[in-house]
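# Close look at the chain arrangement
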Amino acid sequence: MTLAELRSYYLTMVDRGLHSTTIQSYVRAWRAFLTWCYQEEYTPVDLPQKFRLPKAKRPTIDVLTNGEVQQLFSSFDTKHLSGLRNYCICALMLDSGLRMDEVVTLETEHVHLAEGYAIVCGKGNKERMVPLGNRSRQMLARYLRRRGPVDNPRLFQTSQHTPIRQSTVKQLFRKLKKRLNIPRLRAHLLRHTFATRYLENGGDMYSLQQILGHTSLEMVKRYVHLTHQKTVAAFPQFSPLDRLAR
């Protein structure tokens, strides 16, 4: 293998339209393999040292506006059990930052409404505790009363009393974005909105990291730049000198 072949492979991935982070994952894989080949003397040249890993473009994080959030939650007919269920699904994503899979696999016994938290199973089967807002707790309590007892542990059920799947949530959001005319609406957008609003409303990065279940603080820092404008506007109330002058 030659350096020219590695560069050709990289350009082929670019031409295929792969995302820069996806390309980085591929490049890291063969860099690790070729480094091992060099260390074990299967190759005479340390090719990874000659091929610099291209930087991935950091995608711009989009969030819902307050008007869009209000529009979303006003669209659910909570008089019907399915509408109430869908309201609660979106509330857990927007108000507690849950991933789609975490909502789908959430178990009833892990929802502690009186105490105001839920225990979710995230990536790598790691459990964490997430807080629940007052409105979410009210709607979840109403949903549980209406749903009644079921034969399986999952919180959210279909009309046939079977656990919902990810396809259920994906279909829900396909219908919502068409009905609400919000083309960018998707499940993960609610999680992004939660993280951004949490910081805007005075939450700190460290507690946000715990709520979101990120192993690295770098993942949380993506949301900081979105709060810059509001931070500047609200700074007088935090400024030491301005507070002394009051």
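Look a little higher up for the structure.
For every chain, the first residue of its written sequence is number 1, and the numbers climb from 1 along that sequence. This being a predicted model, a pLDDT of at least 70 is required before a residue's local features are given, and a value of 80 or more before pairs of side-chain atoms are given or counted; all residues contribute to the totals for chains, interfaces and linings. As a rule here, side-chain values cover all heavy atoms of the structure and leave hydrogens and water aside.

### Structural notes on the overall build of the protein chain
The following threshold applies: Only runs of H or I of at least four residues qualify as helices and only runs of E of at least two qualify as strands under DSSP, and these elements are numbered from the N terminus. Only protein chains enter the accessibility calculation, which uses a 1.4 Å probe; a residue whose area is less than 20% of its type maximum is buried, one above 50% is exposed, and one in between is partly exposed. In what follows, a contact means two residues having at least one pair of non-hydrogen atoms within 4.5 Å.
What the protein chain contains, in helices and strands, is 13 helices and 3 strands. Within the protein chain, the fraction of its 246 residues that count as buried is 38%. Here the analysis covers contacts within the protein chain between residues at least 6 apart in sequence; of these, 56% occur between residues at least 24 apart.

### Topic: the packing of helix H5 (residues 81–96) against helix H8 (residues 166–180)
Just so we agree on the cut-off: Geometry is summarised by axes, namely lines fitted to C-alpha atoms with helices restricted to the contacting stretch, and by angles between N-to-C directions that run from 0 to 180 degrees. Note on angle classes: values under 35 degrees are labelled roughly parallel, values over 145 roughly antiparallel, values of 65 to 115 roughly perpendicular, and the remainder oblique. Only Asp, Glu, Lys and Arg are considered charged in this grouping, and only Ala, Val, Leu, Ile, Met, Phe, Trp, Tyr, Cys and Pro are considered nonpolar; every other residue, Gly among them, is considered polar.
It is the contact of H5 with H8, at a shortest axis distance of 12 Å, that shows an interaxial angle of 95 degrees. Here H8 runs roughly perpendicular to H5, going by the angle between their axes. Here H5 contributes Arg85, Asn86, Cys90 and Met93 to the contact with H8, which in turn contributes Thr168, Val169, Leu172, Phe173 and Leu176. Residue classes in the contact of H5 with H8 are distributed as 6 nonpolar, 2 polar and 1 charged.

### Here we look at the packing of aromatic side chains
Which entries qualify depends on this criterion: A pair of Phe, Tyr and Trp rings is counted when the ring centres sit within 6.5 Å of each other, with Trp represented by its six-membered ring. The angle between the planes then sorts it: under 30 degrees is stacked, over 60 is edge-to-face, the rest tilted.
Applying the stated criterion to the full structure yields 9 aromatic pairs. For the pair Phe73 and Tyr87, a centre-to-centre distance of 5.0 Å together with 70 degrees between the ring planes defines the contact as edge-to-face. A residue pair is termed long-range when its members are at least 10 positions apart, and Phe73 in helix H4 (residues 66–74) and Tyr87 in helix H5 qualify at 14 residues. The residues Phe73 and Tyr87 share a single accessibility class, namely buried. Here the aromatic rings of Tyr143 and Phe156 are separated by 5.5 Å at their centres, their planes lie at 40 degrees, and the arrangement is tilted.

### Details of the sheet that holds strand E2 (residues 117–121)
We count it as follows: One bridge is not enough; two strands pair if DSSP finds at least two bridges between them.
Across the sheet, which stays open at both edges, the 3 strands sit in the order E1-E2-E3 with antiparallel pairing between neighbours. Lying at the two open borders of the sheet, with one neighbouring strand each, are strand E1 (111–112) and strand E3 (127–131). Sheet topology note: the E2/E3 ladder contains 5 bridges and is antiparallel. Bridge assignment links Cys121 to a residue of E3, and that residue is Glu127.

### A short note on unusual backbone geometry
Notably, Asn125 is not glycine yet its phi reads approximately 60 degrees, a positive angle. Within the secondary structure, Asn125 is located in the loop between E2 and E3. Backbone geometry at Asn181 places phi at a positive 60 degrees, although glycine is not the residue there.

### Here we look at a nonpolar patch on the surface
Formally: Patch members must show over 30% relative accessible area and no salt bridge, and they are joined within 9 Å when carrying like charges or within 5 Å when they are nonpolar side chains of Val, Leu, Ile, Met, Phe, Trp or Tyr. Only the protein chains shown count as cover for residues, with accessible areas throughout obtained via the Shrake-Rupley method and a probe of 1.4 Å. For salt bridges, the criterion is a side-chain nitrogen of Lys or Arg within 4 Å of an Asp or Glu carboxyl oxygen.
Together, Phe33, Trp36 and Tyr42 line one region of the surface with nonpolar side chains, adding up to about 390 Å² of accessible area. Within the element layout of this structure, Tyr42 appears in the loop between helix H2 (20–39) and helix H3 (47–50).

### Focus on the layout of surface pockets
Note the cut-off: A pocket, in this scheme, is an open set of points on a 1 Å grid over the protein atoms alone with protein on both sides within 12 Å along at least 5 of 7 lines, while a cavity is a set where a 1.4 Å probe fits but cannot get out; residues line either one if an atom lies within 4 Å of a point. Grid points are joined across faces, edges and corners, and a volume is the space filled by probe spheres set on the points.
Taken as a whole, the largest pocket holds about 380 Å³ of empty space. Lining the largest pocket are 17 residues, with Arg99, Lys123, Arg191, Gly213 and His214 positioned closest to its centre. Of all the secondary structure elements, the ones that give two or more residues to the lining of the largest pocket are E3, helix H9 (187–200) and helix H10 (205–212). The residue makeup of the lining of the largest pocket, split by class, is 2 nonpolar, 8 polar and 7 charged.

### Observations concerning the pattern of salt bridges
Opposite charge on two side chains allows them to pair when their charged atoms are near. Taken as a whole and assessed by the stated rule, the structure comprises 5 salt bridges. Each of Asp62, Glu68 and Arg184 takes part in a single network of salt bridges with overlapping partners.

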